[in-house]
Amino acid sequence: MAHLEVKGLTFAYAGSAEPALRNVTFEVRPGELAVLCGATGSGKTTLLRLIKRELAPGGVLNGDILLDGVPIRNWNPRQAAAAVGLVMQDPENQLATDTVEHELAFGMENFGFPRGEMRRRLAELAGFFGLEPLLEKPLEELSGGRKQAVNLAAVLLCRPRLLLMDEPLAQLDPQAARELIGLIRRLNEERGVTVLMSEHRLDELLPAADRVILLEAGGVAFNGPPADFIRAVWRSGDPGRLMFLPAATAWALRRFGDEALADPPLDVKAVRRICLTEGVAGSRMYPAEGLTGPAPGEMREGNSGSPRHGAERRAEEGNGRRRKEPLLSAQGVFFAYSRGEPAVIRGLDWTLGRGEFVALLGANGSGKSTLLQLLAGLRRPQRGDVRLAGVPVHRLPAGTRTARIGYLAQNPLLHFVHETVREELIHAAAFTGAADPEEEALRLARRFDLEHLLERHPHDLSGGERQRAALAIAVAGRPDVLLLDEPTKGLDPFAKAKLADELRRLNGEGMTLVAATHDVEFAEAHASRCALLFRGEIAADEPAETFFRGNFFYVSPLRRLADGRGEESRGSGSDGGFGDGPDGGTTSGTGDETESGTVGRQNGGSDNGTAAGRAVGADAASADSRPKAGAGAAGAVRAGWRNVLALFRRMPAHLWMIPAAVAYAALGVMAFRRGASLLAGFAMVFLALVPFYARYERKMRGARELALVAVLAALASVGRVPFALLLPSFTPVTFIVMVTGVVFGAEAGFIAGSMSALVSNFFLGQGPWTPWQMFAWGMAGYTAGLLARGGLFWRKRAPLAALGLVWGFLYGWILNASIAIDQWAQTKSWANVLAVYAAGLPFDAIHAAANVFFLALFGPAWIRLLERYRDKYSVPVDDGTLAARNL
Amino acid sequence: MDAFGFRSLHPAVLLVYYAGGMTFGMLFFHPAVLLAGLAANAAVHAAVDGGRELRKWLKFLLPGVLLLAAVNPLLVRQGATVWFYIGSLSITKEAVVYGVTLAAAVLHMMLFAVSYRVVFSGEKFLHLFARWAPNAALVAMMAIGLVPRMRRRLAELALVQQTRGVTVSSGPLRLRAASGLKLVWSLAGWSLEDALRTADSMRARGYGTGPRSAYRRFSPRLRDGLSGILLAAVAAAMLWCWMKGYGLLRVYPRLPDPAPDKGDWIALALYAAFVAFPLLWEWRDRAAWRTLR
């Protein structure tokens, strides 16, 4: 397969003097699995994006990137895109379409593969990934791990020579991460896929890696095989590097010193082997040696740096547990999401003592998040209650509750609703009753190291910074108890260490902490108590020390080592036995475009053959030859049918769409003249939609443009639901559509508006009303865009609100048109037409009021928001007036 | 699910059926023709899913339709035959008949819409328009994927934002609406940020490097060709009928004898056959099960 060479690569972002990469040189040989590690900001993502040419950031670049000896900039665009595949961090936002099958096909469609070829590849890979039963599923129903597997499969279907992965495991829970690593190892070992993967957690990865590249401040600090990596890192003694060592390896090196360094063990199994040869029994030595996991803080500062730590702390707290004053308690709590569904929490009793640091463990979907939300008073149990110091939490006013019970959601983005970090902090302080919110905000910023970020938009922060900002918001009221949902998810070792320090400090100040987590090492290193949630109840609740001793699976790698059990089958995939996979030699063949093309065509042929074959009731095995053999009239009919089909396939769609539209319009006119008013209206509205869509299709649209319009259309569709609960017709759809028109132009406004009608009706129910709604909302966006281009209401509230008022009525009038036309056809009386409109007036008035309300109050903020994205990513407005740099 | 019966037909044929059924349902304006169409439509519902969806929707649709039938004579003064008076309001026979016929036509459209929901999945719709309007179809596909994700995120936001005093479940209407929009606003920022990653992932997978091809799950079979020809033929015949004025009841100015004449009978037969067309494949495939058992 591929051979990647990076030679003397130096790169500085546009407008930045400091280079992000300095003289980076390395190579990845065919079939290798190379791991790229380094702290956040060391340039890993920049490097990967430079190799993936389509996503290369703008800036000054020196040096060369060669793939198979050819500089990547010399590859033609299509080949370059196909040759290098990229899987990114977040499993969700990489998904472009709606179902698994569409997602898998998407990449192949982009490369214009013939249909048969697509089906063949998809069939093959879906089998390998075990995705076959899921093909028709909406992507939304998949777990995070499965979504990431779909992303990986979607990339692999384009048969890249080189697979790049940018922290693909960071957002996954440990179980899903292990499964994905298994998949990647299989692909690498059995299929010879060349992989270059950036990752923080090397525990599972190092045994599979052929090469480790360590980036520090944009330069290559190490490049070589894993064993050498371990030796180099160990000898350097640099705490910033030691973090990358797997826990078991670090332990073995500390325990056995140079003996282990000769042939460094990469995983628990190898360490155990050393233990055996050295005659050390793991289980005996474990607690005696005071192993508390390689807490990064400890690494950095030595054992002295962390005061309340290790066995001594545990012993102290373990004893003191019963004596703790109860603070937050749940009694007989039952909770189900809706009436028909099984309960998630079933009769749970749990008490948290003041000043504890509790880790809540449990499998995916065991209800950890739900439990935290119940404890925080965000949800109310159907049975039982949650009390804070004896007072039911739902009795507390929201402000007090938030001030006393802090809650940090899994995704820090959920906490942000303002445009700068400063505003977020001030509002949080004010809501929790601070006397001087501005001063309090500054104090929070200082404390959580956010001072330099105060004017930034929360979405522009890095993962660790977001986490800190959200934490600052959550503890703004100095709560008695802080509930954290997966606080370590997606953080690199440094950010994690920083967070752990912060949490310990809060805990030291007397704050009670509860962290739901998958991160066993984190729990083991920091929690004083651990609880296991199982089937809606607390199945175990013990001091950390005894908890982990009793566990078999919920144990850190070090425990696994100490146990001397389990973990036998690690890396079993490498034993092979899968050599003759379904795809034979084709995966490796990259130069066989023509050959696979032929295969594809044959496949396409047999498609039709199969159809025919089945009609006769014969087996479809030799479908290709069947039509020739199948004599007589039936065979001729089928052959003719195939010809007709082929003719239709070759014909451009517009050739028969346009005459069809014209014919329908003519029918509409005739219908009107004969009094068939319903059809006349229908034909009219259909015809009105055609030119807009025809115009939208006149060229291929850029990915960003499509993605933005899709988001806005989806947003408007989603907006139809929650507001309708307040008052019928009181929805922000028209508002969102108009704002879209103002910022992205008339055309985008029309498409977003009409699409929101179409898309929301996929969920709410399609009907004869759909085209009317499409037209009405489309026009709302279109007129807003037209008038904005005339400079009428760039950021001005009054004219925008006035247009909103007009569209509140116009929308209803367009929707009533079908009945109004009918009244006209029946009676030829304007009074009757007016009567129809009068009947709808109350609803129209509410709609208009909603538009005015939203536009006057929020129009400018929304316009700012959308402009931010339009300018940040240079999306073209209308006819490409803004240059589209990166389509 | 989609392998047998009417559902198994190619989306293009399904489109011809629904477009034709709805178009001629709106063109013919004769109570007898429309009632026959309604009956055929109900039979199709029964065959396709045992009438489950229909029963679910009828309780929402019927009131509107009945209202339409009731309101028309109150609103319309046209017509020569005054039936009775409500106060000083004259109710004409013509307006009543017209209202009932119009209501039947509208109900008929609704029935089509409901069975469309059962038969015509979003995927089939996109399949059709991926070719006519590739950009729009892609946007629709992306938006359909986003809607459930955004709904989930909006619910999460609403939950977590309680801790910041942003709530739609309590307080005066103005504040609730403002809170609601604030939630949607922060969802917008989040989603737009995501959209750019999505665009990256699209470009990483070669979007925009040249013309696209279309992956298709549905390929037309002989059955689809036969169905298409049959439907087109019946539609052409119906068009001829309509041009000749069959299946049209001229209610105004004076109601003629509403009994169908010969031409109306032809229109009725053709239209009922067209609407009942799905039964053909439903029965054919059901028979296959019986004989194969």
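Just so it is clear, the model here is predicted, and its values are computed rather than measured.

Asker: So what about the pairing of strand β8 (residues 194–198) of chain A? Which residues, and what values?
Answerer: Residue and element names in this part refer to chain A. In terms of burial, β8 is a largely internal element, five of the five residues being buried. Here β8 shows no split at all, with T194, L196 and S198 on one side and V195 and M197 on the other all buried. Here four bridges tie strand β3 (residues 33–37) to β8, and the two strands are oriented parallel to one another. Bridge assignment links A34 to a residue of β8, and that residue is L196.

Asker: I'd love a proper account of the domain arrangement of chain A, names of residues and values included.
Answerer: Taken domain by domain, chain A comprises domain 1 (4–224), domain 2 (305–563) and domain 3 (660–872). Between domain 1 of chain A and domain 3 of chain A, the C-alpha centre-to-centre distance is 41 Å.

Asker: I'd like a rundown of the nonpolar core, residues and numbers included.
Answerer: V139 and A143 of chain B are the most contacted members of the largest nonpolar core, which totals 346 residues. With 18 residues, the top contributor of residues to this core is helix α4 (residues 93–119) of chain B. If we ignore the near neighbours within four places in the chain, the residues touching A143 of chain B are A710, A713, A714, S717, M755 and V759 of chain A.

Asker: Hey, could you go over the packing of helix α17 (residues 421–431) of chain A against helix α18 (residues 437–447) of chain A for me, with residue numbers and the actual values?
Answerer: Helix-helix packing: each pair is described by the crossing angle between the helix axes and the interaxial distance. Residues and elements named next belong to chain A. Two elements in contact, α17 and α18, have axes separated by 8 Å at closest approach and are oriented at 120 degrees. Judged by the angle between their axes, α17 and α18 are oblique. When you trace α17 past α18, the crossing you get is right-handed. For the pair formed by α17 and α18, the contact residues are R422, L425, I426, A429 and A430 on the first element and P437, E438, E440, A441, L444 and A445 on the second. When its residues are assigned to classes, the contact of α17 with α18 shows eight nonpolar, no polar and three charged.

Asker: Residue-level account of the sheet that holds strand β1 (residues 4–13) of chain A, with values.
Answerer: Residues and elements named next belong to chain A. Overall, antiparallel pairing links the four strands, which are arranged β2-β1-β4-β5 in an open sheet. The open sheet terminates on both sides in strands that have one partner only, identified here as β2 (21–28) and β5 (70–71). With eight bridges connecting them, β1 and strand β4 (residues 59–67) associate as antiparallel partners. Looking at β4, one finds that E5 is bridged to L66. Each of β1, β2 and β4 is contacted by helix α1 (residues 44–51), which is oriented at about 60 degrees to β2, the strand it contacts most.

Asker: A description of the confidence of the model for chain A should follow, citing residues and the corresponding values.
Answerer: Residue and element names in this part refer to chain A. Confidence along chain A averages 81 in pLDDT terms, with 82% of residues attaining 70 or more. Taken as a whole, residues 282–321 scores under 50 in pLDDT and shows 63 contacts with residues more than four places along the chain or in a different chain. Note on residues 878–887: pLDDT is under 50 here. Beyond four places in sequence and across chains, it has 15 contacts.

Asker: Give a detailed account of the interface of chain B and chain A, specifying residues and quantitative values.
Answerer: Every contact between the two is made by 94 residues of chain B and, on the other side, 116 residues of chain A. Looking at the side of chain B that touches chain A, the elements with two or more residues in it are α1 (11–27), α4, α5 (122–132), α6 (134–161), α7 (173–204) and α8 (222–243) of chain B. Looking at the side of chain B that touches chain A, the element that brings in the most residues is α7 of chain B, giving 28 residues. In terms of residue class, the side of chain B that touches chain A is built from 55 nonpolar, 22 polar and 17 charged.

Asker: Provide a residue-level description of the confidence of the model for chain B, including the pertinent values.
Answerer: A low pLDDT score tells you not to read the predicted coordinates there in detail. All names here are of chain B. In this model, chain B carries an average pLDDT of 89, and 99% of its residues clear a pLDDT of 70 or more. Helix α9 (residues 262–275) holds the highest mean pLDDT among the elements of chain B, 95, whereas α5 holds the lowest, 81. Confidence estimates for the predicted assembly give a pTM of 0.83 and an ipTM of 0.90.

Asker: Outline the packing of helix α30 (residues 733–744) of chain A against helix α31 (residues 746–764) of chain A, supporting the account with residue identities and numerical values.
Answerer: All names here are of chain A. Between α30 and α31, the shortest axis-to-axis distance is 6 Å and the interhelical angle comes to 155 degrees. Looking at the two axes, α30 sits roughly antiparallel to α31. Handedness of the α30/α31 crossing: right-handed. Contacts from V733, V737, T740, G741 and F744 in α30 reach A746, A748, G749, A752, G753 and S756 in α31.

Asker: An account of unusual backbone geometry is requested, with residue identities and associated values reported.
Answerer: Across the junction of Y252 of chain B and P253 of chain B, the peptide omega takes the value -5 degrees, indicating a cis bond. Checked against the element boundaries, P253 of chain B lands in the loop between α8 and α9. Of note, E167 of chain A is a non-glycine position whose phi angle comes to about 45 degrees, a positive value. Following the sequence through the fold, E167 of chain A ends up in the loop between β7 (162–166) and α6 (174–191). The backbone phi angle of D449 of chain A is positive, close to 60 degrees, even though this residue is not glycine. Here D449 of chain A shows up in the loop between α18 and α19 (463–474).

The rules behind the values
- Residues numbered from 1 in each chain as written.
- Chains lettered and ligands numbered in written order.
- Predicted model: local features only at pLDDT ≥ 70, side-chain atom pairs only at ≥ 80, totals over all residues.
- Buried ≥ 20, exposed ≤ 12 C-beta atoms within 10 Å, placed from the backbone.
- Helix = DSSP H or I, 4+ residues; strand = E, 2+ residues; numbered from the N terminus.
- Pairing = 2+ DSSP bridges.
- Domains from an automatic or database assignment.
- Core = buried A, V, L, I, M, F, W, Y, C linked by C-beta atoms within 7 Å.
- Contact = placed C-beta atoms within 7 Å.
- Axes fitted to C-alpha atoms, helices over the stretch in contact; angles between N-to-C directions.
- Parallel < 35°, antiparallel > 145°, perpendicular 65-115°, else oblique.
- Left-handed = near helix turned anticlockwise from the far one by under 90°.
- Nonpolar A, V, L, I, M, F, W, Y, C, P; charged D, E, K, R; others polar.
- pLDDT = per-residue confidence, 0-100.

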